[in-house]
Every structure is written in C-alpha cells, then in structure tokens.
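# Breakdown of the fold
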Amino acid sequence: MTISERLYQAAQPVWKECLEHPFVKGIGDGSLTVEQFRYYLLQDYLYLFDYARVFALGIVKSHDPKLMQFFSENVDNILNGEMKIHRSYMERLGITEDHVFQVKPALKNAAYTNYMLSVSHAGGIAEVLVSILACSWSYAEIGQVLAQKPGAAEHPFYGEWITGYASSEYNSNNQSLVTLTDKLLEGCSEGTYQRMEDIFVMCSRFELDFWEMSWKLEP
C-alpha cells in the first residue's frame, strides 16, 4: 500500500462526515441557502490566499529547481485557476474584491490556515505537501461524488461549483500532489509516516469544521 493510500484510509471516517454534512448535501441537492453559500464563498476566498502561501513555502524549502517550478505552478493554479470559480460566483452575487477584504476570517478559518502554515514553516517539503493534500483531495472527492447525483451538475446555481471540482483539470492537479507525496515519502520510516498521518487527518478535521462553520455562519 502506498503512502497516499494509507493517508486516504486514515481520513475516511472524517471524509464520510464531510460528504454527509448538510452543507455539502445542500450543494448537491440545491437546497443550500444563498446566504450560507455567500458566507462560505467569502471565507473560502480568504482561505485560498493562505493556502497559496503554504504552496509558496514549498518553493522556499525546495532545492530542486523542478520542485520549485511545481510549487510555483500550483500557486498560479490557485490564484488564477481555482479562484476563478469563486470570482464567477462573486460577480453573480455582486461581491467585489474590496468587499472580500473587509471580511474577517472566522475563528475556525484562521485556526485551519494557521495550523497549515505552522506545520509547513516547522517542517520540510513533505509537511507542506501533506497539509495541502487534505483540502485538495477531499474537494476532488466531493466534486466527483456530487457530480454523480442526477441533475446536480446542471443546477443553475450550484452546478458550476460542482463541475469545477469534478473537472479533469482539477483532478489532474490533485493527482500530481498525490503522486509527488508518494515519491517524496517512499520508504520513509513508520515514525515519519505517523507524523504525516497526524497532519493529514488534522487538516481533514479542519475541512469538516469549515463545512460546519459555513452551515452555522459562525463568526
């Protein structure tokens, strides 16, 4: 079993809770309120800037030019790729970028990004990758599951979100993270693996908290 397969198995109980969460199910069946989605959109937009900063730490900690290029491309994918989904919705909801930066990160949002940045600052490339991977991979999973629900991908409002995270482009980017994680951690000690699992599962728990925070509109 590869390292990524072990990480995937370890996070499954939390990911199943994510898939069953009323916020995620509300996107899938179209019942989520626009107010809840708008709150999520603003918080996730702020989150993505710190997520990009974690990737940027990969550039700082890399000695291999190819790794530096990999992390640089992913920073660009976030700032000019994944954020396109958010900007499209912001335009539909009449939200300007100036308005976004008047919003404060919610407590759970700040706790999540601070954890990722702390782990990445203290560790090496592997810690950077694993802290990133929980978000990327769980979104790919959610996108694919929701896209299989009849009519979900065609929903006039939430369909764009679902198709964005179920897209081959997004899943290809995620798979590149999985592949690199396996390459860098191949043959690692059990102690190292356990540290990576702790980070991966903790970030997965933060993902679940993010859905709950958005469902309840928590400050």
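The structure we're discussing is the one just above.
Please read these numbers as outputs of a predicted model, since none were measured by experiment.

Counting 76 residues, the largest nonpolar core has Phe-37, Tyr-51, Trp-161, Phe-200 and Trp-211 as its most contacted members. In this view, Trp-211 contacts Cys-18, His-21, Phe-23, Val-24, Tyr-40, Tyr-139, Ile-142 and Trp-161; residues no more than four positions away in its chain are not counted.

Here the focus is the layout of surface pockets. One way to see where empty space is left: roll a probe the size of a water molecule over the atoms. In this structure, the largest pocket encloses a volume near 320 Å³. For the largest pocket, the lining is made up of 18 residues, of which Asn-77, Gly-81, Glu-82, Tyr-170 and Asn-173 are closest to its centre. Those elements that place two or more of their residues in the lining of the largest pocket are helix 3 (34-61), helix 4 (65-93) and helix 9 (168-185). For the lining of the largest pocket, the class distribution of residues is six nonpolar, nine polar and three charged.

With that out of the way, let us pick up unusual backbone geometry. Positive phi, normally seen in glycine, also occurs at Leu-217, with a value near 55°. One can find Leu-217 in the segment after helix 10 (190-216). Judged by its relative accessible area of 31%, Leu-217 falls in the partly exposed class.

Once that is clear, we can look at the packing of aromatic side chains. Scanning all chains against the criterion turns up 32 aromatic pairs. Judged by centre distance (5.8 Å) and plane angle (70°), the ring pair of Tyr-47 and Phe-210 falls under edge-to-face. Of this pair, Tyr-47 sits in helix 3 while Phe-210 sits in helix 10, and the two are 163 residues apart along the sequence. Taking the relative accessible area as the measure of exposure, Phe-210 reaches 3% and is therefore buried. Taking 4.8 Å as the distance between ring centres and 55° as the angle between the ring planes, the aromatic pair formed by Trp-161 and Tyr-165 counts as tilted. On the criterion of helical spacing, the pair formed by Trp-161 and Tyr-165 is a turn pair, its members being four residues apart in helix 8 (residues 159-166). Overall, the relative accessible area of 0% leaves Tyr-165 in the buried class. Sitting over the ring of Tyr-193, Arg-6 keeps its end group 3.7 Å from the ring centre.

This part is about the pattern of salt bridges. When the charged atoms of two side chains with opposite charge come close together, those side chains can pair. Here the structure, examined in full by the defined rule, presents seven salt bridges. Where Asp-50 meets Arg-53, a salt bridge forms, and the shortest distance between an N and an O atom there is 2.7 Å. Note that Asp-50 and Arg-53 are positioned in helix 3 at a spacing of three residues, about one turn of the helix. Here Lys-108 and Glu-218 are joined by a salt bridge, their closest N and O atoms 3.2 Å apart. Of this pair, Lys-108 sits in helix 6 (residues 107-122) while Glu-218 is found in the segment after helix 10, placing the two residues 110 residues apart along the sequence. Judged by relative accessible area, Lys-108 falls into the partly exposed class, the value being 26%. The class for Glu-218 is buried, based on a relative accessible area of 19%.

What counts, and where the lines are drawn
Residues numbered from 1 in each chain as written. Predicted model: local features only at pLDDT ≥ 70, side-chain atom pairs only at ≥ 80, totals over all residues. Heavy atoms only, no water. Core = buried A, V, L, I, M, F, W, Y, C linked by side-chain atoms within 4.5 Å. Buried < 20%, exposed > 50% of the residue type's maximum accessible area, 1.4 Å probe, protein only. Contact = heavy atoms within 4.5 Å. 1 Å grid on protein atoms, 1.4 Å probe; cavity = no way out; pocket = protein on both sides within 12 Å on 5 of 7 lines; lining within 4 Å. Points joined across faces, edges and corners; volume = space filled by probe spheres on them. Helix = DSSP H or I, 4+ residues; strand = E, 2+ residues; numbered from the N terminus. Nonpolar A, V, L, I, M, F, W, Y, C, P; charged D, E, K, R; others polar. Phe/Tyr/Trp six-rings, centres within 6.5 Å; stacked < 30°, edge-to-face > 60°. Lys NZ or Arg CZ within 6 Å of the ring centre and 35° of its normal. Salt bridge = Lys/Arg side-chain N within 4 Å of Asp/Glu carboxyl O.

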